[in-house]
Amino acid sequence: MRRRKRKGSDEKLLSYENYVVNGKLNQVPPDSNTQISNRTNFDNREVVNDRAYDNIVNNYRGQWSRIFGNHNPIHVEVGSGRGKFITTLALKNPDINYIALEIKEEVLIRGVEKVSDKNISNIKFLWGEAEFFEHYFSDSELDRIYINFCDPWPKKRNSKRRLTSEKFLELYRKKLNSKPSSGIHFKTDNQELFEFSLNEMSENRWIFRNISFNLVKSDFSKENVTTEYEEKFMELGMPIYRLEAYTL
Ligand SMILES: C[S@@+](CC[C@H](N)C(=O)[O-])C[C@H]1O[C@@H](n2cnc3c(N)ncnc32)[C@H](O)[C@@H]1O
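No experiment lies behind these values; they were computed from the predicted model shown.

Focus: the overall build of the protein chain
Next, step 1: Check the secondary structure of the protein chain and you find nine helices and ten strands.
Next, step 2: The contacts of the protein chain with a sequence gap of at least 6 include a subset with a gap of at least 24, amounting to 75%.
Next, step 3: With the model as given, the accessible surface of the protein chain reaches about 13400 Å², and the carbon-plus-sulfur share is 46%.

A short note on the site of the ligand
Next, step 1: Within the structure, the ligand sits among 18 residues, and Gly 79, Glu 102, Glu 131, Asn 148 and Thr 227 are positioned closest to it.
Next, step 2: Relative to its unbound accessible area of 600 Å², the ligand is 92% covered by the protein chains.
Next, step 3: When its residues are assigned to classes, the shell around the ligand shows five nonpolar, six polar and seven charged.

Re the environment of Glu 228
Next, step 1: Within the secondary structure layout, Glu 228 lies in helix α9 (residues 228-235).
Next, step 2: Spatially, the C-alpha atoms of Glu 228 and Ser 80 are 9.6 Å apart, while their sequence positions differ by 148 residues.
Next, step 3: For Glu 228, the contacting residues outside a window of four places in its chain are Arg 82, Gly 83, Lys 84 and Lys 114.
Next, step 4: A distance of 3.3 Å separates a polar atom in the side chain of Glu 228 from the backbone nitrogen of Lys 84.

Quick notes on helix α8 (residues 191-203)
Next, step 1: With 13 residues, α8 should cover 18 Å at 1.5 Å per step; its first-to-last C-alpha distance of 18 Å lies within 8% of that length.
Next, step 2: Taken together, the buried positions of α8 are occupied by Leu 193, Phe 194, Phe 196, Ser 197, Leu 198, Glu 200 and Met 201.
Next, step 3: Those residues of α8 that are buried are in contact with α7 (166-175), β8 (183-188), β9 (206-212) and β10 (241-247).
Next, step 4: If you check the start of α8, you find a side-chain oxygen 3.1 Å away from the backbone N of Glu 192, and it comes from Asn 190.
Next, step 5: The positive-phi residue at the C-terminal boundary of α8 is Arg 205, with phi of around 65°.

Re the pairing of β8
Next, step 1: Along β8, six of the six residues are buried, which leaves the element largely enclosed by surrounding structure.
Next, step 2: Both strand β7 (residues 144-148) and β8 contribute to a ladder of five bridges, which runs parallel. Paired with Tyr 146 across the strands is His 185, a residue of β8.
Next, step 3: Viewed along the sheet, the connection from β7 through α7 into β8 turns out right-handed.

Some details on the pattern of salt bridges
Next, step 1: Here the structure, examined in full by the defined rule, presents twelve salt bridges.
Next, step 2: Notably, a salt bridge pairs Glu 134 with Lys 175, separated by 3.2 Å at the nearest N-O pair. Of this pair, Glu 134 sits in helix α6 (residues 133-136) while Lys 175 is found in helix α7, placing the two residues 41 residues apart along the sequence.
Next, step 3: Since its relative accessible area comes to 0%, Lys 175 is described here as buried.
Next, step 4: Between Glu 230 and Lys 187 there is a salt bridge, with the nearest N and O atoms lying 2.7 Å from each other. Linking Glu 230 in helix α9 with Lys 187 in strand β8, this pair joins segments that are 43 residues apart in sequence. One exposure class covers both Glu 230 and Lys 187, and it is buried.

What counts, and at which threshold
Residues numbered from 1 in each chain as written. Predicted model: local features only at pLDDT ≥ 70, side-chain atom pairs only at ≥ 80, totals over all residues. Heavy atoms only, no water. Helix = DSSP H or I, 4+ residues; strand = E, 2+ residues; numbered from the N terminus. Contact = heavy atoms within 4.5 Å. Areas by Shrake-Rupley, 256 points an atom, 1.4 Å probe, with all protein chains shown as cover. Near = heavy atom within 4 Å. Nonpolar A, V, L, I, M, F, W, Y, C, P; charged D, E, K, R; others polar. Polar contact = N/O pair within 3.5 Å; in protein donor to acceptor, adjacent residues only side chain to side chain. Expected span 1.5 Å × (residues − 1). Buried < 20%, exposed > 50% of the residue type's maximum accessible area, 1.4 Å probe, protein only. Pairing = 2+ DSSP bridges. Right-handed = clockwise from strand over helix to strand, strands pointing away. Salt bridge = Lys/Arg side-chain N within 4 Å of Asp/Glu carboxyl O.

See below:
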């Protein structure tokens, strides 16, 4: 189903030129006559060689350090929503570069608005889709990937859409560098999704550190930075599941 958009919302988002990167690569149906120049790993995600694609591949992929103007580590949050988590981290850690990747312009803009008057140089908002990770980043370009409270897609037939499913994990693995601290930090309120992710990761040669089945009671709770969704679940007294996964 096509989402209804507020008129002018794309233009408004893209007007924050210092912060927002357009990663919305046009999609065409597989039977279209349009020449398909690049494919992702995902059956339903194909891109045409349009301006947004050229812009990403020529000016951003493999060039994020140049964009940020330094060689600090790069951390990406996939599905950053309204951006509380990543903007808090960016303000706290000026020596780390952050990229907020989010598909929906109406929530991404909330994050942009949080920092737009603060003139901070260590965060960018990438309006796009995890499925296009391959086009956004070159191999080994990233130091950490955060996945916070991603959609659980509870039906089995949709399990491939979960952001911790095998195909996504393979993309993340390629883009993470080989430093021992480079890995995925994952939080969820959903026990089934957590178990699925543990299985999927261990079957695909990831190793774990700091697994928690109730974050507030864990050693990590003092340094935990909450997300918008996390706060809602915590108010309801629900346990938060957390893990860190590293490549072998
Ligand atoms: C449940 S919300 C969680 C938002 C935020 N991480 C938090 O914890 O408050 C999931 C977010 O992921 C985004 N999202 C879902 N699928 C995505 C994809 N394939 N690529 C990028 N963002 C996606 C949604 O638009 C939504 O904002």
